[in-house]
Amino acid sequence: MKTTKKILFVVLILFVVAQFFGPQKNNGDLASVEPFLIETNPPENIKAILKESCYDCHANVTKYPWYDNITPVNYWLAEHVKDGKKHFNMSNWEGLSVKKKDHKIEELIEMVEKKEMPLPSYTWTHQEAKLSDAEILDMVNWAKQVRFKYSLIPKPE
């Protein structure tokens, strides 16, 4: 029993010390998504969906929940955001080719239609981010319009 108490005490000390360390935050500003919004021209309802359901993991703007202050949860969230931005980052839209933008929007359509986005692990704690069937339809229709616009732009060979 005495060994168990010592082990628990050491684990507790390590947990407390770990709280003084954390990953870098994704604290850009909303201006970073402006080029994406200007170019893709989403209607107000889509802007609201993007802000509520997408920005945290797919832009340089993350609203962190209270539990992000707890290590190791903060590292898990940071990796989640990093992975999301690797696949689709509205804040880096200007630097992409038309072909790449079209592909990203194509992936957005696929993920939203399959209800794979937003991720279930995100909507467990962000119920407001869940998309209704009507919102999914609106997102997909808007994204298809964006893809059509990109199809009209000549692509370099």
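In the block above lies the structure referred to throughout.
Not measured: the values here are computed from a predicted model.

Digging into unusual backbone geometry
Here the bond from T71 into P72 is cis, since omega is 20 degrees, no more than 30 degrees from zero. Mapped onto the elements, P72 comes out in the loop between α4 (55-58) and α5 (73-87). The phi torsion at N41 lies on the positive side, around 50 degrees, for a residue other than glycine. Mapped onto the elements of the fold, N41 is located in the loop between α2 (34-40) and α3 (44-53). Phi at K115 takes a positive value of approximately 60 degrees, unusual for a residue other than glycine. Here K115 is to be found in the loop between α6 (98-113) and α7 (120-123).

What to know about the packing of aromatic side chains
Applying the stated criterion across every chain yields a total of 4 aromatic pairs. Ring geometry for F36 and W93: centres 4.9 Å apart, planes at 90 degrees, overall edge-to-face. On the criterion of sequence distance, the pair formed by F36 in helix α2 and W93 in the loop between α5 and α6 is long-range, its members being 57 residues apart. Across this residue pair, the class does not change: F36 and W93 are buried. Both rings, one in F36 and one in W142, keep their centres 6.3 Å apart while their planes meet at 75 degrees; by these two values the pair is edge-to-face. Residue F36 is found in helix α2, and its partner W142 is found in helix α8 (residues 133-151); the two are separated by 106 residues along the sequence. Taken together, the aromatic side chains of F36, F88, W93 and W142 make up a single cluster linked through ring pairs.

Rules of the game
- Residues numbered from 1 in each chain as written.
- Predicted model: local features only at pLDDT ≥ 70, side-chain atom pairs only at ≥ 80, totals over all residues.
- Heavy atoms only, no water.
- Helix = DSSP H or I, 4+ residues; strand = E, 2+ residues; numbered from the N terminus.
- Phe/Tyr/Trp six-rings, centres within 6.5 Å; stacked < 30°, edge-to-face > 60°.
- Buried < 20%, exposed > 50% of the residue type's maximum accessible area, 1.4 Å probe, protein only.

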